Amino acid sequence: MSEALVASQAAGTDITVPAVSGARQFWRRLRAQRAALVAAAVVALLVLVALAAPLLTAIEGQDPFTYHPSLIDSARGGVPTGSFGGITGDHWLGVEPQTGRDLFARLVYGARVSLGVALGATVVQVLIGVVVGVAAALGSRWVDQLLSRLTEIIVAMPLMIMSLALLAIVPSSFPRPLLVALVIGLIAWGNTAKIVRAQTLTLKELDYVSAARLSGWGTWRIARRELLPGLAAPVITYAALLVPTNITVEAALSFLGVGVKPPTPSWGQMLTAADVWYQAAPQYLLLPAGALFVTVLSLTVLGDGIRTALDPRAASRLRIGTGREREAKADAGTKADAGTKGASGKNASTEGDAGTKSATTKSADSKEATS
């Protein structure tokens, strides 16, 4: 609640403080969703693997850059020797075709690049989107029109085409993962700005914001102290859904050859090199594709769980058919209640008839006794 509104109500008024904080309520609602908890565990495991990539590869005794030509069958075009793509005690997931580089090492280091690029791009999108959206909602009519038209232009831009054009003209000396994150973030912030603007226009009409305005607070102080806390829930929800989208975009750009360049490992770059080896060495294609699929699915489910936990009135998209089941149960309960009431009415009617007959019989007996 606004500090100004609290101050105006404090005199002679008892203010009730909620017993449970918003964070505890959010955690309680999130724990009620098993799918979201499983997805959160998977995401935490992936992040841990990405952070511990140097330690894991040191335990294996390999690195993602060393060539092992002795493990490649040159007569067969560079296919790994041995069974299952060259899986041994020294190479836990086999080796890469043509180069012999350790596949496990490249997979875990690729997780660092893919997750890092996605998170970096999401941070850039959220920062620009929040600033532009709040400025458009709180600015004058001309500022709102200018920023809204700029946002619509950004939204209308084809992300992949613009990314391809920008990544193609930047010198190769620039760090490629950082460049990919910046390009994605600078091109794809339009939807975030539109969401923030719409939410800010709704929040600025509430009573506690009006009280802060009447108390003499400036525009940016109101935005910082009153509006940004209210924007946290929708922004966090949308950011959680942006991460898997950015992972897919990074993989697509690397697959097209303009993203992360070799020898830096990336899941998208590994898929690019694996498109001709899916028959001779299928694990070279299946491992990065499976890791990408699991990561995107887990982040999507987690984002949906966060959305539902922050807004408990919204039904989760994952609960397909729940509404019909509830309606069926409600109808069954209504019919059961109706049947119970009908039976009760019949019993009452039967008891009433029996009482009437008993009274009539007693009256007749008394008349006979009198006579």
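Here is what the cut-offs are and how they apply
Residues numbered from 1 in each chain as written. Predicted model: local features only at pLDDT ≥ 70, side-chain atom pairs only at ≥ 80, totals over all residues. Heavy atoms only, no water. Salt bridge = Lys/Arg side-chain N within 4 Å of Asp/Glu carboxyl O. Helix = DSSP H or I, 4+ residues; strand = E, 2+ residues; numbered from the N terminus. Phe/Tyr/Trp six-rings, centres within 6.5 Å; stacked < 30°, edge-to-face > 60°. Buried < 20%, exposed > 50% of the residue type's maximum accessible area, 1.4 Å probe, protein only. Lys NZ or Arg CZ within 6 Å of the ring centre and 35° of its normal. Core = buried A, V, L, I, M, F, W, Y, C linked by side-chain atoms within 4.5 Å. Contact = heavy atoms within 4.5 Å. Expected span 1.5 Å × (residues − 1). Arc of directions from axis to C-beta. Lys, Arg positive; Asp, Glu negative; His and termini not counted.

Novice: For the pattern of salt bridges, give the residues involved together with the corresponding values.
Specialist: All chains considered together, the criterion is met by five salt bridges. The residue R106 makes a salt bridge to E96 at a minimum N-O spacing of 3.4 Å. Here the residue R106 occupies a position in helix α5 (residues 103-138), and E96 occupies one in the loop between β2 (79-80) and α5, the gap between them amounting to 10 residues.

Novice: Any chance you could break down the packing of aromatic side chains for me, citing the residues and the numbers?
Specialist: Remark: the centre distance and the inter-plane angle together describe each pair of aromatic rings, the angle taken between the planes. Taken as a whole, this structure holds one aromatic pair when the rule is applied. With a centroid separation of 5.1 Å and 55° between ring planes, the pair formed by W92 and F104 is classed as tilted. Here W92 is found in the loop between β2 and α5, whereas its partner F104 is found in helix α5, with 12 residues between them in sequence. Judged by relative accessible area, F104 falls into the buried class, the value being 13%. One Lys or Arg, R141, reaches over the ring of W142 and ends 4.8 Å from the middle of that ring. For R221, the ring lying beneath its charged end belongs to W217, and the centroid distance is 4.1 Å.

Novice: So what's going on with the nonpolar core? Which residues, and what values?
Specialist: Counting residues in each nonpolar core, the largest one holds 27 residues, and the members touching the most others are I247, W267, M270, Y284 and L292. For this core, the elements supplying multiple residues, two or more each, are α3 (34-51), α5, α11 (219-255), α12 (267-274) and α13 (283-310). Those residues within four positions of M270 in sequence are excluded, and the remaining contacts are L103, R106, L107, Y284 and P288.

Novice: Quick one: what's the story with α3, residue by residue and with numbers?
Specialist: Taking 1.5 Å of rise per residue, the 18 residues of α3 would be expected to cover 26 Å, and the 26 Å separating its terminal C-alpha atoms lies within 8% of that figure. A36, A39, V43, L46 and A50 are the residues of α3 that are buried. For α3, the buried positions fall inside an angular range of 85° around the axis, keeping them on one side. Across from the buried face of α3, at angles greater than 90 degrees, the exposed residues are R34, V38, L45, L48 and L51.

Novice: Summarise the side chain of E250; cite the residues concerned and give the values.
Specialist: With respect to the helices and strands, E250 occurs in helix α11. For the buried E250, which has no salt bridge, the nearest side chain bearing the opposite charge is R176, at an N-O separation of 9.5 Å. Beyond its immediate stretch of four places on either side in the chain, E250 contacts S114, V117, V180, I184, V260 and S266.

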